[in-house]
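# An overview of the molecular structure
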Amino acid sequence: MKVAIVGGGIIGASIAFQLSRSGAQVTVIDAGQPAASATSFGWVNASFYADRAHHELRVASMKAYQQLIQDVPDLPVNTCGALWWESQGEGLREMQASLGDLGYSVEYLTRAQSHVLEPDIKGLPAEVLRFPSESAAEAGALADDLLALSGARIIRGMVVQGIAATHDFVRGVETSVGLIEAGHVVIAAGTGTPDVLASVGVKLPMVTRPGVLVTTKPIKAKIRSVLVTPHGEVRQLPDGRLLASAVANHQGDDASSVTETPDEIAVRVLGWLNPMIDGDPLEWDAVAVGYRPMPEDGLPVIGEVGPKGLHVAVMHSGVTLAAITGEAVSAEIMEQGGYDGLLAPYRPQRFQ
Ligand SMILES: Cc1cc2nc3c(=O)[nH]c(=O)nc-3n(C[C@H](O)[C@H](O)[C@H](O)COP(=O)(O)OP(=O)(O)OC[C@H]3O[C@@H](n4cnc5c(N)ncnc54)[C@H](O)[C@@H]3O)c2cc1C
């Protein structure tokens, strides 16, 4: 079976990996445009969620990641856990109770207990929640690893202009140099998805959601977990640099534009980071803006739509959801099924 995947970010790569494993002949076409995966914070979690179904999808993906890292050693996914103190007192207890009701793994830690886990962090609060099953993924590197491991043919630097279909069956994708033939086409083109789908009259309304991350120069201190503070999230990259979000609760950030200069953002972020970290004052290394592929209703869009053989997979929190999306889209194309219940709220038909 020939499958063309448009987009080689974390979603396209995960689908390519699973499809190739199942025996499909896969070609990935990537335009080389700025990818959300390369500018992601990379926190794999289910403590952020919209509703019970969304939480369950995220938990399923966390399980799929555990299977993936067991099957394929050395992937850049670290199950380091997250320490959460966006609020204290009642707010913290509400968070603990709501996640507990969902059956999620949550530990309550005193300051002394969290200090044992993060000895280099100063000023830890009195109460912290720990989500031990959450991970950090280096999403750009993970996408590249999965593509390489998939053995798929990869065409880079080529823009897919549209989908070719005859008598309501997909024939492949149109590029500037002609048709690339395939019986199944997956559009996993992030923010570029609506334009490609429009060529066959499929609607996918999306909103503009820029996100900003600040990276510091490498530091000697060690942060082991993803830290979720009232100011923003921070974690340490494998090379010792810190990666911090410019706003608190960055996954729920609904700003449609960036209004501060890079310098203002970096100074503000270092303003809350510096007092937290033992050692020399932090220096900023980079400020990066990325665009979240955000469907209009904020929820993932996964499934078959339009001419037979056309599939779409576009979502925010795509790093968290990549593992389950790869499994599910691959199973649906290979007609193995099993994901209907999990994916029912996320079908593209809701926009048609
Ligand atoms: C600042 C920021 C922080 C984030 N933090 C988190 C987080 O902590 N946890 C989490 O789970 N998620 C997070 N996300 C979201 C997550 O990064 C994205 O949902 C995910 O990376 C999307 O992956 P993707 O493969 O769908 O898209 P992308 O990575 O954007 O890849 C799409 C690819 O499609 C290609 N393409 C586009 N149009 C065409 C075309 N016409 N022809 C050919 N190729 C095309 C592009 O070149 C690109 O490489 C964050 C995002 C941002 C921006």
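Residues numbered from 1 in each chain as written. Predicted model: local features only at pLDDT ≥ 70, side-chain atom pairs only at ≥ 80, totals over all residues.

To continue, consider the nonpolar core. Counting 102 residues, the largest nonpolar core has I5, V6, A16, V185, V186 and A188 as its most contacted members. Examining the composition of this core, we find that eight residues originate from one element, helix α8 (residues 318-333), more than from any other. Each of domain 1 (2-42 + 140-205 + 296-351) and domain 2 (82-132 + 210-291) accounts for three or more of the residues forming this core. Setting aside chain neighbours within four positions, we find V6 in contact with I29, V160, V173, V185, V186, I187, A188, A189 and V196. (Core = buried A, V, L, I, M, F, W, Y, C linked by C-beta atoms within 7 Å. Buried ≥ 20, exposed ≤ 12 C-beta atoms within 10 Å, placed from the backbone. Helix = DSSP H or I, 4+ residues; strand = E, 2+ residues; numbered from the N terminus. Domains from an automatic or database assignment. Contact = placed C-beta atoms within 7 Å.)

With that out of the way, let us pick up the environment of E335. Among the secondary structure elements, E335 is positioned in the loop between α8 and α9 (340-343). Sequence separation of E335 and A221 is 114 residues, and the distance between their C-alpha atoms is 49 Å.

Here the focus is the sheet that holds strand β6 (residues 107-110). Within the open sheet, the eight strands sit side by side as β6-β7-β5-β16-β17-β18-β15-β19. Their pairing is mixed. Strands with a single pairing partner mark the edges of an open sheet, and in this sheet they are β6 and β19 (284-291). Between one strand axis and the next, the sheet turns through 25 degrees on average, direction left out of account. Both strand β5 (residues 82-84) and strand β16 (residues 226-228) contribute to a ladder of three bridges, which runs parallel. When the bridges of β16 are listed, A82 appears paired with V226. Here helix α3 (residues 89-101) sits on the sheet in contact with β5, β6 and β7 (127-131), set at roughly 20 degrees to β7. (Pairing = 2+ DSSP bridges. Axes fitted to C-alpha atoms, helices over the stretch in contact; angles between N-to-C directions.)

Attention shifts here to the site of the ligand. If you check the shell around the ligand, you find 43 residues, and the closest are G9, G190, G192, G211 and G318. Counting only elements with at least two residues in the shell around the ligand, the list comes to α1 (10-21), β2 (25-30), β15 (210-216), β19 and α8. Here the shell around the ligand is built from residues that sort into 21 nonpolar, 20 polar and two charged. (Near = placed C-beta within 6 Å. Nonpolar A, V, L, I, M, F, W, Y, C, P; charged D, E, K, R; others polar.)

Looking at chain direction, strand β21 (residues 301-304) and strand β22 (residues 310-314) are connected through four bridges and run antiparallel. Directly across from I302, in β22, lies its bridge partner A313. Two successive antiparallel strands, β21 and β22, enclose a turn made up of five residues, where G306 displays a positive phi of approximately 70 degrees.

Structurally, the protein chain comprises domain 1 (2-42 + 140-205 + 296-351) and domain 2 (82-132 + 210-291). Centre-to-centre separation of domain 1 and domain 2, based on C-alpha positions: 32 Å. Counting residues at the interface gives six residues for domain 1, matched by nine residues for domain 2. Here the residues of the side of domain 1 that touches domain 2 are counted per class, giving two nonpolar, four polar and no charged.

Counting along an α-helix, one turn takes 3.6 residues, and residues three or four places apart therefore face a common direction. Between its terminal C-alpha atoms α8 stretches only 20 Å, short of the 22 Å expected from 16 residues at 1.5 Å a residue. The largest bend in α8 is about 40 degrees, located at I324. Of all 16 residues in α8, 15 are buried; the element is thus mostly enclosed. In the stretch just after α8, E335 is the one whose phi turns positive, near 55 degrees. (Expected span 1.5 Å × (residues − 1). Bend = angle between axes of the 7 residues up to and from the residue.)

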